[in-house]
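Understanding the architecture of this molecule
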Amino acid sequence: MKCYVVTGSASGMGRAVTEKLRAQGHTVIGVDLVDAEVLADLSTPDGRHRAIADVLAAAGGRLDGAVLAAGLGPTPGKERLRLIAEVNYLGVVELLEGWRPALAAADEAKVVVFSSNSTTTVPAVPSRTLAAFAERDIDKVCRSVRIFGKQAAPIVYAGSKLAVSHWVRRAAVSREWAGTGIRLNALAPGAILTPLLEKQLATPTEAKAIRSFPVPIGGFGDAGHLADWVLFMLSDSSRFLCGSVLFVDGGSDAYFRAKDW
Ligand code: NAD
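Residues numbered from 1 in each chain as written. Predicted model: local features only at pLDDT ≥ 70, side-chain atom pairs only at ≥ 80, totals over all residues.

Of regular secondary structure, the chain possesses eleven helices and seven strands. Over its C-alpha trace the chain gives a radius of gyration of 17 Å, about what one expects of a compact globule, namely 18 Å for 261 residues. With the C-alpha coordinates of the chain rotated into their principal frame, the extents come out at 45 × 40 × 35 Å. Burial analysis of the chain (261 residues in total) assigns 48% to the buried set. By sequence separation, contacts in the chain at least 24 residues apart represent 76% of the contacts at least 6 residues apart. (Helix = DSSP H or I, 4+ residues; strand = E, 2+ residues; numbered from the N terminus. Rg over C-alpha atoms; globule rule 2.2 N^0.38 Å. Buried ≥ 20, exposed ≤ 12 C-beta atoms within 10 Å, placed from the backbone. Contact = placed C-beta atoms within 7 Å.)

What follows is the structure in structure tokens.
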């Protein structure tokens, strides 16, 4: 049996992954704000340091895999911009850099990062925002989207997921990751019915935008089904998967950019 870490293990897709891995007999070290083995606020440097250290201690220096599902949605609000950027970007890349030696110590460890189909379906994320993410300068990220006013949250959200996907693709093929046997990939869901989406649906303007968004097969995705994709990406069958961003979104990504391939 294997040892995994799952961030965002208390809710939604992270919770579904945690339950399915435990049902298979694996050990899961959950990381979340509440109801987890490691309690840590990933929006702060201290919280991220604690998450890195406590997970390494709990795992005994060896991790067979990691699932980075903690994240915040594009809910508007000036204070939210920083939180979205910190949790969705730094809460992934800093943790993975901290856990990398433990992942390298395992035999072909697998990592799944939650991206989003907003990476390809939200237009107009400025290149200066992506540059600020790459510099890990969150003040600069927030300044870079001021011009968008009330629309800034969806832009920071899409920017955080684009930046984390770029990081996954660059790191995945490097000596430190592929070169030490770690398989690093991302999953890009569309609208999945979890507490995150339910919160957005409870706000009339957000609900209108979500419900009018093109989803060729219609409706919303199921958290348990997305968890099944994660389990497959953690399995031995995925040993040849490296640096991929897998879209599971009812067809929206294909709808918007069928000609890009
Ligand atoms: P969710 O809100 O149900 O769960 C997210 C978890 O992250 C929660 O348990 C929450 O406590 C945790 N979290 C939030 N802020 C945190 C912080 N500061 N420190 C530690 N933990 C924190 O969300 P979900 O829908 O299951 O989303 C999982 C991932 O999938 C997220 O990264 C999200 O951006 C992404 N995603 C979701 C959707 C969707 O429609 N639900 C679509 C695309 C991508």
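With twelve residues, helix H10 (residues 223-234) should reach 16 Å at 1.5 Å per residue; the first-to-last C-alpha distance of 17 Å fits that figure. Considered for burial, the residues of H10 that qualify are Ala 223, Leu 226, Ala 227, Val 230, Met 233 and Leu 234. The buried residues of H10 occupy an angular sector of 115° when the element is viewed end-on, so they sit on one face. (Expected span 1.5 Å × (residues − 1). Arc of directions from axis to C-beta.)

Right, let's talk about the packing of helix H2 (residues 45-59) against helix H3 (residues 78-104) for a bit. Put simply, H2 and H3 touch, their axes get as near as 9 Å, and they point 30° apart. Between H2 and H3, the crossing angle belongs to the class labelled roughly parallel. H3 is crossed by H2, and the crossing has right-handed handedness. Contacts between H2 and H3 involve Arg 48, Ala 51, Ile 52, Val 55, Leu 56 and Ala 59 on the former and, on the latter, Leu 90, Gly 91, Glu 94, Leu 95, Gly 98, Trp 99 and Ala 102. (Axes fitted to C-alpha atoms, helices over the stretch in contact; angles between N-to-C directions. Parallel < 35°, antiparallel > 145°, perpendicular 65-115°, else oblique. Left-handed = near helix turned anticlockwise from the far one by under 90°.)

The subject of this paragraph is the site of the ligand. Surveying the vicinity of the ligand reveals 26 residues, the closest of which are Gly 8, Ser 11, Gly 12, Gly 71 and Thr 194. Breaking the shell around the ligand down by element, the ones donating at least two residues are helix H1 (12-23) and helix H8 (195-201). Residue composition of the shell around the ligand, grouped by class: 15 nonpolar, nine polar and two charged. (Near = placed C-beta within 6 Å. Nonpolar A, V, L, I, M, F, W, Y, C, P; charged D, E, K, R; others polar.)

Within strand E5 (residues 110-114), five of the five residues are buried, which leaves it mostly tucked inside the rest of the structure. On E5, burial covers both faces: Lys 110, Val 112 and Phe 114 on one face and Val 111 and Val 113 on the other are all buried. Where strand E4 (residues 65-68) and E5 come together, four bridges link them in parallel fashion. Residue pairing in the sheet places Leu 68 in a bridge with Val 113 of E5. Regarding topology, H3 serves as the crossover connection from E4 to the parallel E5, and that connection is right-handed. For E5 and strand E6 (residues 183-189), the ladder comprises five bridges, and the chain directions are parallel. (Pairing = 2+ DSSP bridges. Right-handed = clockwise from strand over helix to strand, strands pointing away.)

Across a sheet, paired strands are connected by hydrogen bonds in the backbone, their directions being either parallel or antiparallel. Read from one edge to the other, the open sheet built from seven strands follows the order E3-E2-E1-E4-E5-E6-E7, with strand pairing classed as parallel. Two strands close off the open sheet at either side, each with one partner strand: strand E3 (38-39) and strand E7 (245-248). Its contacts with the sheet place H2 against strand E1 (3-7), strand E2 (27-32) and E3, and it is angled at close to 165° to E2. Of the strands in this sheet, E1, E4 and E5 touch H3, which is tilted by about 175° from E4.

In this section: the packing of H3 against helix H7 (residues 152-172). When two helices pack together, their arrangement is given by the angle between their axes and by how far apart the axes lie. For the pair H3 and H7, the least separation of the axes is 9 Å and the interaxial angle reads 10°. Taken together, the axes of H3 and H7 are roughly parallel relative to one another. For the pair H3 and H7, the contacting residues are Arg 80, Leu 81, Ile 84, Ala 85, Asn 88, Tyr 89, Val 92 and Val 93 in the first and Ala 152, Ala 153, Val 156, Tyr 157, Ser 160, Lys 161, Ala 163, Val 164 and Trp 167 in the second. The residue makeup of the contact of H3 with H7, split by class, is 13 nonpolar, two polar and two charged.

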